[in-house]
Amino acid sequence: MLSIDQVSVSSKEKKIVNHVSLSIREGEWYALVGQSGSGKTLLSQAIGRMLPANLQVHGNIRFNEQDLMSLTAKEMRSLRGKKISYIFQDYQGSFTPFRTIGQHFDEYQKVHDISDASTRLNQAVEALHSVGLEESLLKRYPFQLSGGQLQRVSIATALLLSPDLIIADEITTALDSISGHKILELLARRQKESGFAILFITHDWRHVRRYANHLAVMKEGQIVEAGQKDQILSNPQHEYTKELIKAAPTLQRSVLNIRKGVTI
Ligand SMILES: Nc1ncnc2c1ncn2[C@@H]1O[C@H](COP(=O)(O)OP(=O)(O)OP(=O)(O)O)[C@@H](O)[C@H]1O
């Protein structure tokens with residue numbers, strides 16, 4: 001469904017993402033890991049044409065047989081949210097403090113041409129229920145919600161229009177570990193129900209181990225290794241992947257388990 005072919009992202013000074021290729025299939029949970037600054041976020045922003053204005057992108061990005069690089073800005077805006085949605089680490093930044101949660105939903109729906117007010121309300125209530133939240137939250141302001149609740153609202157909004165691909169960029173980093181765990185369990189449940197694919201950017205190997213089917217390892221703007229998660233965890237080829245796995249102590253046990261044939 002998503003095919004990235006020889007994509008580079010450059011500033012005037014340097015190439016930051018360097019000829020990256022990867023493809024994500026329907027319903028897949030595709031993890032992208034790698035050191036800080038390796039270009040994971042910029043690559044994910046390039047997909048939705050959300051890059052900062054000082055950066056240029058080259059290469060081919062196809063989504064459901066559509067060439068994303070050739071879409072107009074308007075076509076791209078309509079595709080974002082409907083077909084490809086983002087969930088960010090900085091969920092606070094996704095909300096305007098003086099607007100209620102209901103007004104956030106309403107605005108998002110209006111941008112996507114849902115013109116009937118009662119349809120918008122019903123859809124928002126259903127979306128909140130689907131992430132385990134009460135309808136009464138619609139009247140509240142973002143500061144009246146916990147971090148976990150706000151991130152649930154972000155997920156509900158991202159899933160509102162039933163996209164085919166969710167891009168989730170370190171979505172649990174700002175949460176405590178229990179809230180983070182609940183958020184990922186929720187995302188996994190919604191994925192089972194709806195069948196969307198996820199590009200999942202993370203530093204946490206425990207999350208890779210638990211949720212991903214596929215894995216790509218990025219270093220200094222390039223993908224150094226990609227493949228089925230179990231295969232890479234049990235038999236990493238690149239030195240950098242080996243180093244990363246070694247640096248994640250809890251993963252060591254899991255790798256041993258894979259080698260012994262225990263499912264992780
Ligand atoms: N607008 C920009 N102009 C120039 N360089 C940028 C810009 N945005 C990001 N960079 C640089 O590009 C590199 C890659 O950034 P990116 O945010 O994609 O890394 P990352 O792998 O997502 O890191 P992290 O895991 O810390 O989020 C970094 O060195 C960053 O400083």
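Residues numbered from 1 in each chain as written. Predicted model: local features only at pLDDT ≥ 70, side-chain atom pairs only at ≥ 80, totals over all residues.

### Describing the site of the ligand
- Around the ligand lies a shell of 13 residues, among which Ser36, Lys40, Thr41, Leu42 and Pro52 are the nearest.
- With 3 residues, helix α1 (residues 40–47) is the single largest residue contributor to the shell around the ligand.
- Here the shell around the ligand is composed, by residue class, of 4 nonpolar, 8 polar and 1 charged. (Near = placed C-beta within 6 Å. Helix = DSSP H or I, 4+ residues; strand = E, 2+ residues; numbered from the N terminus. Nonpolar A, V, L, I, M, F, W, Y, C, P; charged D, E, K, R; others polar.)

### Structural notes on the sheet that holds strand β1 (residues 2–10)
- Spatial ordering of the open sheet is given by β2-β1-β4-β5, a layout of 4 strands whose pairing is antiparallel. Lying at the two open borders of the sheet, with one neighbouring strand each, are β2 (15–24) and β5 (66–67).
- Lying over the sheet, α1 contacts β1, β2 and β4 (56–63), oriented at roughly 120° with respect to β1. (Pairing = 2+ DSSP bridges. Contact = placed C-beta atoms within 7 Å. Axes fitted to C-alpha atoms, helices over the stretch in contact; angles between N-to-C directions.)

### Considering the packing of helix α3 (residues 101–111) against helix α4 (residues 117–130)
- At a closest axis distance of 10 Å, the pairing of α3 and α4 adopts a crossing angle of 120°. Considered as vectors, α3 and α4 are oriented oblique to each other. Handedness of the crossing formed by α3 with α4: right-handed. Along its contact with α3, which presents Gly102, Phe105, Asp106 and Gln109, the element α4 presents Arg120, Gln123 and Ala124.
- Its residues assigned to classes, the contact of α3 with α4 shows 2 nonpolar, 3 polar and 2 charged. (Parallel < 35°, antiparallel > 145°, perpendicular 65-115°, else oblique. Left-handed = near helix turned anticlockwise from the far one by under 90°.)

### Quick notes on α1
- Most of α1 is tucked away: 7 of the 8 residues are buried.
- Along α1, the positions that sit buried rather than exposed are Lys40, Thr41, Leu42, Leu43, Ser44, Ala46 and Ile47.
- Arg49 lies just past α1 and shows a positive phi near 50°. (Buried ≥ 20, exposed ≤ 12 C-beta atoms within 10 Å, placed from the backbone.)

### Looking at the UniProt feature "domain: ABC transporter" (unreviewed entry) in the protein
- Here the UniProt-annotated "domain: ABC transporter" (unreviewed entry) positions come out as residues 2–245.
- Span residues 2–245 is 39% helix and 26% strand, its end C-alpha atoms 27 Å apart. (UniProt positions renumbered as here; feature names shortened; annotations may be inferred.)

### Points about unusual backbone geometry
- One non-glycine residue, Gln6, lies in positive phi territory at about 55°.
- Its place among the elements puts Gln6 in strand β1.

### Considering the environment of Leu184
- Of note, Leu184 is situated in helix α6 (residues 177–194).
- Overall, Leu184 belongs to the buried group, with 21 C-beta atoms counted inside 10 Å.
- Put simply, Leu184 and Tyr211 are 27 residues apart on the chain and 8.4 Å apart in space, counted from C-alpha to C-alpha.
- Those residues in contact with Leu184 that sit more than four places away from it in its chain are Thr172, His207 and Tyr211.

### Focus on the sheet that holds strand β8 (residues 197–201)
- Strand order in the open sheet made by the 6 strands is β6-β7-β8-β3-β9-β10, with mixed pairing throughout. Only two strands of the sheet have a single neighbouring strand rather than two, namely β6 (84–88) and β10 (222–228). For this sheet the average axis-to-axis angle between neighbouring strands, irrespective of direction, equals 15°.
- Bridge count between strand β9 (residues 214–219) and β10: 6 bridges; the pairing is antiparallel. Within β10, the residue paired with Lys219 across the bridge is Gln222.
- Where helix α5 (residues 147–159) meets the sheet, its contacts fall on β6 and β7 (165–169), and the angle it forms with β6 comes to roughly 170°.

### As for the nonpolar core
- By size, the foremost hydrophobic cluster in this structure holds 65 residues, and its most contacted members are Tyr30, Ala31, Leu32, Ile198, Leu199 and Phe200.
- For this core, the element with the most residues is α5, which contributes 6 residues.
- Once residues within four sequence positions are removed from consideration, Ala31 is found in contact with Phe200, Thr202, Val208, Ala212 and Leu215. (Core = buried A, V, L, I, M, F, W, Y, C linked by C-beta atoms within 7 Å.)

### Examining the confidence of the model for the protein
- Averaged over all residues, the pLDDT of the protein is 90; the fraction at 70 or higher stands at 94%.
- Interface scoring of the predicted complex returns ipTM 0.97; its pTM is 0.89. (pLDDT = per-residue confidence, 0-100.)

### Quick look at the packing of α5 against α6
- Look at α5 against α6: their axes get within 10 Å of each other, and the N-to-C directions meet at 20°. With respect to α6, the axis of α5 lies roughly parallel. Viewed along their axes, α5 and α6 form a crossing whose handedness is right-handed. Contacts between α5 and α6 involve Gly147, Gly148, Gln151, Arg152, Ile155 and Leu159 on the former and, on the latter, Ser179, Lys182, Ile183, Leu186, Leu187, Arg190 and Ser194.

### Comments concerning the pairing of β9
- Of all 6 residues in β9, 5 are buried, a share of seventy percent or more.
- Across 5 bridges, strand β3 (residues 29–34) lies against β9 in parallel orientation. Paired with Gly34 across the two strands is Met218, which belongs to β9.
- Where β9 hands over to β10, the hairpin turn is made up of 2 residues, of which Glu220 adopts a positive phi near 45°.

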